[in-house]
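In case you want the letters, here they are:
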Amino acid sequence: MPAWVVENCADYLRRMPPELSVNLIEVPAEKRSKNQSVESIRRRETQRLLEAVPLANTIVALDERGQSVSTAGLSKKMAHWQMDGRDVSFLIGGPDGLDFSVAALEKPNSTKTRHWPDWRWSLSDLTFTHPMVRVILAEQLYRAWSISVGHPYHRD
């Protein structure tokens, strides 16, 4: 990622309180070649993303066809997630998006299957580059938290 992305994300994530700390895990994109279909690349990237997510986590997939929500609505969702007591993983797919047909992973020695995603979230009707999505996500998480605690960062 370009330095401006790293710096901007770090700035917002540094402001988050310890109980809402954010860990960034980067999963490298698949190498592209002429012999591979977009579908197979998307599938492998999605599988690798899911493998990086602990099984108990709530999964939020950023998806252009997902649900739009206001920042105040995101703040309410964050409060719900805190009450739920599970960590939340936000998945940003590769350049071709996520493959929602990929089966969720199963817990070892269990009949329970994780259904994913728990929520499909659209940041906007606009299309953003991956670096922009990362910065927007970090800023919106910080802004939603600021609403929940009455911090002056968010102004109605």
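Going by the structure above, here's the rest.
Chemist: Is there a simple way to explain the overall build of the protein chain in this structure?
Modeler: Looking only at helices and strands, the protein chain has four helices and three strands in total. Listing every helix and strand of the protein chain by position from the N terminus yields α-α-β-α-β-β-α. Against the 2.2 N^0.38 benchmark of 15 Å for 156 residues, the protein chain shows a C-alpha radius of gyration of 16 Å, consistent with a compact globule. Its C-alpha atoms give the protein chain principal-axis dimensions of roughly 50 × 40 × 25 Å. Within the protein chain, the fraction of its 156 residues that count as buried is 37%. Contacts spanning at least 24 positions in sequence make up 77% of the contacts within the protein chain whose residues lie at least 6 apart. Summed over all atoms, the accessible surface of the protein chain reaches about 9800 Å², with 52% contributed by carbon and sulfur. Side-chain charges of the protein chain comprise 20 positive and 19 negative groups, with the mean position of each set lying 1 Å from the other.

Chemist: Sorry if this is basic, but what is going on with the pairing of strand S2 (residues 88–92) here?
Modeler: Across a regular strand the side chains alternate sides, sitting on one face of the sheet and then on the other. The side-chain alternation of S2 yields one buried face, formed by Ser89 and Leu91, and one unburied face, formed by Val88, Phe90 and Ile92. Two elements, strand S1 (residues 58–67) and S2, share five bridges in a ladder whose sense is parallel. Note on S2: the bridge partner recorded for Leu62 is Ile92.

Chemist: I keep staring at the packing of aromatic side chains and nothing clicks. Help me out?
Modeler: To describe a pair of aromatic rings, one takes the distance between the centres and the angle between the planes. Summed over the entire model, instances satisfying the criterion amount to eight aromatic pairs. Taken together, a centroid distance of 6.1 Å and an interplanar angle of 55° make the contact between Trp81 and Trp119 tilted. On the criterion of sequence distance, the pair formed by Trp81 in helix H3 (residues 71–84) and Trp119 in strand S3 (residues 119–121) is long-range, its members being 38 residues apart. Just as Trp81 is buried, Trp119 falls in that class too. Through a chain of ring-to-ring contacts, the aromatic side chains of Tyr12, Tyr142, Trp145 and Tyr153 assemble into a single cluster. The residue whose ring lies beneath Arg15 is Tyr142, and the NZ or CZ to ring-centre distance is 5.2 Å. Between Lys77 and the ring centre of Trp119, over which it is positioned, the NZ or CZ distance is 4.3 Å.

Chemist: Can you help me understand the layout of surface pockets in this one?
Modeler: Remark: the empty space left among the atoms is shown by a probe the size of a water molecule rolled over them. The space that makes up the largest pocket amounts to roughly 1300 Å³. Lining the largest pocket are 40 residues, and of these Asn23, Leu24, Ile25, Ser89 and Phe90 lie nearest its centre. Of all the elements in the fold, those that place two or more residues in the lining of the largest pocket are helix H1 (3–15), helix H2 (38–51), H3, S2 and helix H4 (130–148). The residue inventory of the lining of the largest pocket, partitioned by class, reads 25 nonpolar, nine polar and six charged.

Chemist: Even after reading the chapter, I still don't get the packing of H3 against H4, so can you show me in this structure?
Modeler: The geometry of a pair of packed helices is captured by two quantities: the angle between their axes and the separation between those axes. Relative orientation of the contacting elements H3 and H4 amounts to 75°, with a least axis distance of 8 Å. Considered as vectors, H3 and H4 are oriented roughly perpendicular to each other. Contacts between H3 and H4 involve Thr71, Ala72, Leu74, Ser75 and Met78 from the first element and Gln140, Leu141, Arg143, Ala144, Trp145, Ile147 and Ser148 from the second. Its residues assigned to classes, the contact of H3 with H4 comprises seven nonpolar, four polar and one charged.

What counts and how
- Every chain begins its residue count from 1, and numbering advances along the sequence as written.
- Predicted model: local features are reported for residues with pLDDT of at least 70 only, side-chain atom pairs are reported and counted for 80 or more only, and whole-chain, interface and lining totals are derived from all residues.
- Hydrogens and water molecules were not included; the side-chain quantities draw on all heavy atoms of the structure.
- Put simply, DSSP H or I for four residues or longer makes a helix, DSSP E for two residues or longer makes a strand, and each gets a number counted from the N terminus.
- Radius of gyration: over C-alpha atoms. The globule rule applied is 2.2 Å multiplied by the number of residues raised to the 0.38 power.
- Three labels apply to residues, based on accessible area from a 1.4 Å probe with only protein chains included: buried if under 20% of the type maximum, exposed if over 50%, partly exposed otherwise in between.
- Here, two residues are considered to be in contact whenever any of their heavy atoms come within 4.5 Å of each other.
- For the accessible areas, the method is Shrake-Rupley and the probe is 1.4 Å, while residue cover comes only from the protein chains on display.
- The charge count includes Lys and Arg as positive and Asp and Glu as negative, but it does not include His or the ends of the chains.
- Just so you know, the charge point we use is NZ for Lys, CZ for Arg, CG for Asp and CD for Glu.
- For two strands to be treated as a pair, DSSP must find at least two bridges joining them.
- Classification of ring pairs rests on two measures: the distance between centres of Phe, Tyr or Trp rings, Trp counted by its six-membered ring, which must be within 6.5 Å, and the angle between planes, read as stacked under 30 degrees, edge-to-face over 60 and tilted in between.
- Over a ring means this: the NZ of a Lys or the CZ of an Arg is within 6 Å of the ring centre and within 35 degrees of the ring normal.
- For each structure, a 1 Å grid was placed over the protein atoms alone; sets of points admitting a 1.4 Å probe that cannot get out are labelled cavities, open sets with protein on both sides within 12 Å along at least five of seven lines are labelled pockets, and lining residues have an atom within 4 Å of a point.
- Grid points are joined across faces, edges and corners, and a volume is the space filled by probe spheres set on the points.
- Each residue gets one label: Ala, Val, Leu, Ile, Met, Phe, Trp, Tyr, Cys and Pro are nonpolar, Asp, Glu, Lys and Arg are charged, and the others, such as Gly, are polar.
- Only the contacting stretch of a helix is used when fitting its axis, a line to C-alpha atoms as for every element, and angles between N-to-C directions run 0 to 180 degrees.
- Roughly parallel here means an angle under 35 degrees, roughly antiparallel means over 145, roughly perpendicular means 65 to 115, and every remaining angle is called oblique.

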